[in-house]
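Single-letter residue listing:
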Amino acid sequence: MLQKELIKRLKGKYETKMDDKGWLNVFSDGIPLCRVKYNGNCIINDDENLSEEYREKIADIQDEVLTVREYICLLYTSPSPRDCS
């Protein structure tokens, strides 16, 4: 669920592609930025030659991952809706 929601939030800003091992790969201009697992674990491109622009994009993606994790956690821990009739 996290990866599907993340794809929606990143659409239009970054390219995304699922691989055969269950990771969501996130790119910008063909440059790999990070990989995100279903549980929100994120492996970033730590190439020291990345420009500041791409480092900021990685930080943006990490913020999005945290946001999605937070609202999914709230969804799963919230009480069930009750019949109001």
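An account of the accompanying structure is given in this report.

1. Brief notes about the overall build of the protein chain
Here is step 1 of the chain: Scanning the protein chain from N- to C-terminus turns up two helices and four strands.
Here is step 2 of the chain: Of the regular secondary structure in the protein chain, the N- to C-terminal order runs α-β-β-β-β-α.
Here is step 3 of the chain: Rg of the C-alpha trace for the protein chain: 15 Å, well past the compact-globule value of 12 Å for 85 residues, more than 25% over.
Here is step 4 of the chain: Counting over 85 residues, the protein chain shows a buried share of 31%.
Here is step 5 of the chain: If you take every contact in the protein chain between residues at least 6 apart in sequence, the share linking residues at least 24 apart comes to 38%.
Here is step 6 of the chain: Accessible surface computed for the protein chain: about 6,100 Å², of which carbon and sulfur atoms make up 52%.
Here is step 7 of the chain: Averaging the coordinates of the 13 positive side-chain charges in the protein chain and doing the same for the 16 negative ones gives two points 8 Å apart.

Here is what the cut-offs are and how they apply
Residues numbered from 1 in each chain as written. Predicted model: local features only at pLDDT ≥ 70, side-chain atom pairs only at ≥ 80, totals over all residues. Heavy atoms only, no water. Helix = DSSP H or I, 4+ residues; strand = E, 2+ residues; numbered from the N terminus. Rg over C-alpha atoms; globule rule 2.2 N^0.38 Å. Buried < 20%, exposed > 50% of the residue type's maximum accessible area, 1.4 Å probe, protein only. Contact = heavy atoms within 4.5 Å. Areas by Shrake-Rupley, 256 points an atom, 1.4 Å probe, with all protein chains shown as cover. Lys, Arg positive; Asp, Glu negative; His and termini not counted. Charge placed at Lys NZ, Arg CZ, Asp CG, Glu CD.

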